[in-house]
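Coordinates in review
The lines below spell out each chain.
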Amino acid sequence: PGLLFEDQINNSPYKETGQYIYTTNPCAEQGLPEYGSCNLASINLNHDYFNRTGNFDYNALEEVTMYMTYYLDRTGTVNKFPTVKHEQWYEENRPIGIGVMGLADMFLRYDIKYGSRTSIYELERVMETIKEASYLASERLGKLYGVPLQCQKLDRPRRNITTVSIAPTGSIAMIADCSHGIEPIFSPSFMRVDERGQKYLYKHPLADEAYFVSAVGNKQASWKEQIDLVATAQEFVDSGISKTINLPNEATVDEVKQAILYAWKSGCKGITVY
């Protein structure tokens, strides 16, 4: 089941402009007012480009984020819209959504346990870097090409009303061969079946490590740890976050209730429980 918190989804830059959000797209990473649209892109945090020195390179992340801001803004300029109302709304807001994928892989690269205090700290640094770099790039774009009507009402006038959003990255994470969004590794092992019906058992190479965590299995992150990560990221995300809170099969109705209330009190815009 999924649940949106109406008060929290409206705690966004759109609130500064008097616009109201009633719902999101099915994956919940993008809440938009009527006639809204948004271009999305995701950064693979486990890419070697960010890990050339043996430590995560935040300067490289800042650089990539700024280029991505320019790219997504330009994408909106050349986009074709279905109606005049959609096009007019976009030109007044010009939202973009920069997200991440490969977070769980990045944690494993540095022997960090998903859901630990260290993982919370590192995620905070990552998302703060992305938000500040994208805002700075958007402010520069505003000076070069103009600040849209609605964006002129913001505390920090810029070219794009929103800049950060975390999508599920289902297909693109598979293409990039990295973990999805801010999800943990799904399973310590899984079975693949080829076109001949031949079965292959794949086990994650780090599955036996003490710091390995997965969405299912005997090293599953607790619902509280998962929500804490979402709440941490949400502090720096203009829009929403696509993340499934996985609970074991034996989870009770009361535990689901506790998770929902905890997510709301933690400032999450919604929660999906599986």
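You'll find the structure just up there.
Every chain is numbered on its own, with residues counted from 1 as its sequence reads. Whole-chain, interface and lining totals are the exception, using all residues; otherwise, since this is a predicted model, local features are given only for residues with pLDDT of at least 70 and side-chain atom pairs are given and counted only at 80 or more. Remark: hydrogens and water are excluded; side-chain values derive from all non-hydrogen atoms of the structure.

1. Some thoughts on the layout of surface pockets
The distinction between a cavity and a pocket rests on a 1 Å grid over the protein atoms alone: a 1.4 Å probe fits inside a cavity but cannot get out, while a pocket stays open yet meets protein on both sides within 12 Å along at least five of seven lines, and a residue with an atom within 4 Å of a point counts as lining. Grid points are joined across faces, edges and corners, and a volume is the space filled by probe spheres set on the points. Taken as a whole, the largest pocket encloses approximately 890 Å³ of empty space. Contributing to the lining of the largest pocket are 26 residues, with Cys-178, Ser-179, His-180, Ile-185 and Phe-186 lying nearest its centre. Strands here are runs of E lasting at least two residues and helices are runs of H or I lasting at least four, both read from the DSSP assignment and numbered beginning at the N terminus. Sorting the residues of the lining of the largest pocket by element identifies helix H5 (103-109), helix H7 (170-176) and strand S4 (189-193) as the ones contributing at least two each. Ten residues, namely Ala, Val, Leu, Ile, Met, Phe, Trp, Tyr, Cys and Pro, are considered nonpolar, four, namely Asp, Glu, Lys and Arg, are considered charged, and the remaining ones, Gly among them, are considered polar. Looking at side-chain class alone, the lining of the largest pocket contains 13 nonpolar, 8 polar and 5 charged residues. Estimates place the volume of the second largest pocket at around 320 Å³.

2. Details of the packing of aromatic side chains
When we look at a pair of aromatic rings, we describe it by the centre distance and by the angle of the planes. Each Phe, Tyr or Trp ring (for Trp, its six-membered ring) is paired with any other whose centre lies within 6.5 Å, and the angle between the two planes then decides the class: stacked below 30 degrees, edge-to-face above 60, tilted in between. Tallied over the full model, the rule gives 10 aromatic pairs. Ring geometry for Tyr-49 versus Phe-50: centroids 5.6 Å apart, planes at 75°, classification edge-to-face. Think of it in three bands: with a 1.4 Å probe and only protein chains considered, a residue is buried below 20% of the maximum accessible area for its type, exposed above 50%, and partly exposed in between. Judged by relative accessible area, which is 28%, Tyr-49 ranks as partly exposed. In textbook terms, an aromatic cluster arises when at least three aromatic residues are bridged by ring pairs, as seen for Tyr-49, Phe-50, Phe-56 and Tyr-58.

3. Here we look at the pairing of S4
Only when DSSP finds a minimum of two bridges between them are two strands counted as paired. Two elements, S4 and strand S5 (residues 199-203), share 5 bridges in a ladder whose sense is antiparallel. When the sheet's bridge partners are listed, Phe-190 is paired in S5 with Tyr-202.

4. Some points on the packing of helix H3 (residues 58-78) against helix H6 (residues 117-145)
Every axis in this analysis is a line fitted to C-alpha atoms, fitted for helices over the stretch in contact. Angles between the N-to-C directions lie between 0 and 180 degrees. Two elements in contact, H3 and H6, have axes separated by 8 Å at closest approach and are oriented at 45°. Judged by the inter-axis angle, H3 sits oblique to H6. Crossing of H3 over H6 shows right-handed handedness. Counting all contacts with H3, which are made through Tyr-58, Leu-61, Glu-62, Thr-65, Met-66, Thr-69, Tyr-70 and Asp-73, the residues of H6 involved are Glu-122, Arg-125, Val-126, Thr-129, Ile-130, Ala-133, Ser-134, Leu-136, Ala-137, Ser-138, Arg-140 and Leu-141. Its residues assigned to classes, the contact of H3 with H6 comprises 10 nonpolar, 5 polar and 5 charged. The labels follow the angle: roughly parallel below 35 degrees, roughly antiparallel above 145, roughly perpendicular from 65 to 115, and oblique for the rest. By the definition used in this description, the sense in which the near helix is turned from the far one sets the handedness, with an anticlockwise turn below a right angle giving left-handed and a clockwise turn giving right-handed. In what follows, residue pairs with any heavy atoms lying within 4.5 Å of each other are defined as contacts.

5. Considering helix H4 (residues 84-93)
The set of residues buried in H4 consists of Trp-89, Tyr-90 and Asn-93. An end-on view of H4 places all buried positions within 100° of arc, on one side of the element. Where H4 is buried, its residues touch helix H2 (13-17), strand S2 (39-44) and H3. Following H4 by one or two positions, Arg-94 adopts a phi angle in the positive range, close to 50°. Arc, as used here, means the arc of the directions from the helix axis to the C-beta atoms.

6. Description of a nonpolar patch on the surface
Together, Met-191, Val-193 and Leu-201 give the surface a local cluster of nonpolar side chains, amounting to about 330 Å² of exposed area. Along the chain, Met-191 falls in strand S4. Each patch is built from residues that are more than 30% exposed by relative accessible area and take part in no salt bridge. Like charges join if they lie within 9 Å; nonpolar side chains (Val, Leu, Ile, Met, Phe, Trp, Tyr) join within 5 Å. All accessible-area figures derive from a Shrake-Rupley calculation using a 1.4 Å probe, and residue coverage is judged against the displayed protein chains alone. Salt-bridge detection follows one rule: a side-chain nitrogen of Lys or Arg within 4 Å of a carboxyl oxygen of Asp or Glu.

7. A word on empty space enclosed by the protein
Summed over the entire model, instances satisfying the criterion amount to 1 cavity of 30 Å³ or more. In this structure, the largest cavity encloses a volume near 40 Å³. Around the largest cavity, the lining residues are Ala-104, Phe-107, Leu-108, Ile-112, Tyr-114, Ile-185, Tyr-211 and Val-213. By residue class, the composition of the lining of the largest cavity is 8 nonpolar, no polar and no charged.

8. Remarks on the packing of helix H8 (residues 223-234) against helix H9 (residues 253-265)
Where H8 contacts H9, the two axes come as close as 10 Å, and the packing angle between them is 20°. The orientation of H8 relative to H9 falls into the category roughly parallel. Crossing of H8 over H9 shows right-handed handedness. Where H8 abuts H9, its residues Trp-223, Lys-224, Ile-227 and Asp-228 lie against Glu-255, Gln-258, Ala-259, Tyr-262 and Ala-263. Residue composition of the contact of H8 with H9, grouped by class: 5 nonpolar, 1 polar and 3 charged.

9. Observations concerning the environment of Tyr-49
As for its placement among the helices and strands, Tyr-49 is situated in the loop between S2 and H3. Residues contacting Tyr-49, with those up to four places away along its chain left out, are Ala-60, Glu-63 and Val-64. Definition of a polar contact: a pair of N or O atoms within 3.5 Å, with one able to donate and the other able to accept a hydrogen when the atoms are protein atoms, and with sequence-neighbouring residues admitted only if both atoms are side-chain atoms. Among the polar contacts listed, one links the side chain of Tyr-49 to the side chain of Glu-63, at a separation of 2.5 Å.

10. Details of unusual backbone geometry
Despite not being glycine, Arg-94 shows a phi value in the positive range, around 50°. Looking at where Arg-94 falls in the secondary structure, it is placed in the loop between H4 and strand S3 (96-101). Phi at Asp-111 takes a positive value of approximately 60°, unusual for a residue other than glycine.

11. As for the nonpolar core
Ranked by size, the top nonpolar core spans 45 residues in total, and within it Leu-45, Leu-61, Val-126, Met-127 and Ile-130 carry the most contacts. Of all the secondary-structure elements, those providing two or more residues to this core are S2, H3, S3, H5, H6, H8, H9 and strand S7 (270-273). Tallying contributions element by element places H8 first for this core, with 6 residues. We call a set of buried Ala, Val, Leu, Ile, Met, Phe, Trp, Tyr and Cys residues a nonpolar core when their side-chain atoms join them within 4.5 Å.

Interpretation in functional terms is not warranted from these geometric data alone.
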